[in-house]
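Inside the fold
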Amino acid sequence: MHKKLFIPGPVDVLPEVLEKMATPQIGHRTKEASDLQRGISEKLQKVFYTENQILLSTSSGSGLMEGAIRSFTGKRAAVFSVGAFGDRWYKMATTNNVPADLFKSELGEPTTVQMVDEALATGKYDVITVTHNETSTGVMNPTAEIGALLKEKYPDVLYLVDTVSSMGGVKIEADAWGMDVVITSTQKALGLPAGMAICSVSERAIEAGRQVPNRGLYLDLVSLYDTVKKKDHQYPSTPSLSHMFALDYQLDRILEEGLENRYARHKEMADYVRAWARKNFDLLVQDEKYLSQTLTTIKNTKEISVGDLNKELANRGFMISNGYGGLKNLTFRISHMADYTMDDVKDLLSTIDDILGL
Ligand SMILES: *Cc1c(COP(=O)(O)O)cnc(C)c1O
């Protein structure tokens, strides 16, 4: 039996979107391929609220995170981490010999404007990385406020943002918020199969990247950008055309739903899950302002066995997530993103109520 995935990615994909993955292949150097990729970029610019160039990468989101920190760090990167995915960005830096320092928040707490200000006041950094929506703790960071700080006091610092688990589920205005590189993957709030990553990249990031030696090859975002510009949206190596067919179709669906409607649907699902969690357990993130809109991390105050719950949920066609890393069993996570509806969420929660006798 298929289990409906309430894990924070991969999420369930609509059958009609899955079908687009089976579109017959086309030559990746044809005008048809250029048209497909140009169309996708134009639609993605709307979703990202940006006029910057969109780049696609046949990798998961981690690929572009690694590529970005390596391609754009000239001096030193300040990596702000509020959990597992921020830590991963730091590891990507150190394993690529990219000079970087890690600035960690307590689990469940955000990266604050003050933390960024203090780090940048040292003058040591030309790049910062921030996780917009930390999928382990369910923290959504104040990325607009951090962007405003950069504009005001540190206009030369590049702003790299991981929006892997939130883009498409909550409004992220890349240009208005001063973001230079905004990265996401297909398998989360965009509602597609895993296997492709997407980013927007500013021209000033590209110009800074040209001064960086040893950017690697496959994930060199400067060469990716140059090829996309020169060859009308074609890529240096063969991209996953199957994903592109599905992405093109799904973006039409997303824009047809309307971005504001889409965000409102996510907010409604988030509010419902939060209320349920507060009634029966507790939330890891206490400050409403920093709560993720695409997933909820629930404090396991009843000390239930998350493994047993998931086993019983599996029998009934559902799957949720245990806590991540050090938060395993102390928390569990329910995602509410992509094409899920209030009915889906209510279905899941009433099933959990039934299993746990809540
Ligand atoms: C899932 C996730 C990643 C990793 O993305 P992949 O597509 O699995 O490589 C990075 N950051 C966040 C916040 C995520 O949720």
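Conventions and cut-offs
- Residues numbered from 1 in each chain as written.
- Predicted model: local features only at pLDDT ≥ 70, side-chain atom pairs only at ≥ 80, totals over all residues.
- Heavy atoms only, no water.
- Helix = DSSP H or I, 4+ residues; strand = E, 2+ residues; numbered from the N terminus.
- Buried < 20%, exposed > 50% of the residue type's maximum accessible area, 1.4 Å probe, protein only.
- Salt bridge = Lys/Arg side-chain N within 4 Å of Asp/Glu carboxyl O.
- Near = heavy atom within 4 Å.
- Polar contact = N/O pair within 3.5 Å; in protein donor to acceptor, adjacent residues only side chain to side chain.
- Nonpolar A, V, L, I, M, F, W, Y, C, P; charged D, E, K, R; others polar.

1. Some details on the environment of Gly 178
Considering the arrangement of structural elements, one finds Gly 178 in the loop between β8 (158-162) and β9 (181-185). On the basis of relative accessible area, Gly 178 is assigned to the partly exposed category, the value being 23%. Each C-alpha atom, one on Gly 178 and one on Lys 299, is 34 Å from the other, the two residues being 121 residues apart in sequence.

2. Some details on unusual backbone geometry
Here the residue pair Gly 9 and Pro 10 is connected by a cis peptide bond, since its omega of -5° sits within 30 degrees of zero. Mapped onto the fold, Pro 10 is located in the loop between β1 (4-5) and α1 (15-20). If you check the backbone angles, Asp 232 has positive phi at about 50° while not being a glycine. Mapped onto the secondary structure, Asp 232 falls in the loop between α8 (221-230) and α9 (241-257). Despite not being glycine, Ala 338 has its phi angle at roughly 65°, a positive value. With respect to the helices, strands and loops of the structure, Ala 338 is situated in the loop between β15 (331-335) and α12 (342-356). A relative accessible area of 0% places Ala 338 in the buried class.

3. Details of the pattern of salt bridges
The tally for this structure, following the rule as stated, stands at 25 salt bridges. Among the salt bridges present, the one from Lys 104 reaches Asp 87, with a minimum N-O distance of 2.8 Å. Here Lys 104 is found in strand β4 (residues 100-104), whereas its partner Asp 87 is found in helix α4 (residues 84-95), with 17 residues between them in sequence. Judged by its relative accessible area of 52%, Lys 104 is exposed. In this structure, Asp 180 engages Arg 204 in a salt bridge whose closest nitrogen and oxygen atoms are separated by 2.8 Å. Note that Asp 180 is positioned in the loop between β8 and β9 and Arg 204 in helix α7 (residues 203-210), a separation of 24 residues in sequence. For Asp 180, a relative accessible area of 3% corresponds to the buried category. For Arg 204, a relative accessible area of 37% translates into the label partly exposed. Through salt bridges with shared partners, a single ionic network connects Arg 253, Glu 257, Arg 262, Arg 265 and Asp 339.

4. Some words on the site of the ligand
Looking at the ligand, there are 14 residues lining it, with Ser 60, Ser 62, Thr 135, Asp 162 and Lys 188 nearest. Separating an oxygen atom of the ligand from a side-chain N or O atom of Ser 185 is a distance of 2.7 Å. Contacts to the ligand include Lys 188, whose side-chain N or O atom sits 2.6 Å from an oxygen atom. For the shell around the ligand, the elements supplying multiple residues, two or more each, are α3 (61-72) and α4. In terms of residue count, α3 provides more of the shell around the ligand than any other element does, 3 residues in total. Its residues assigned to classes, the shell around the ligand comprises 3 nonpolar, 8 polar and 3 charged.

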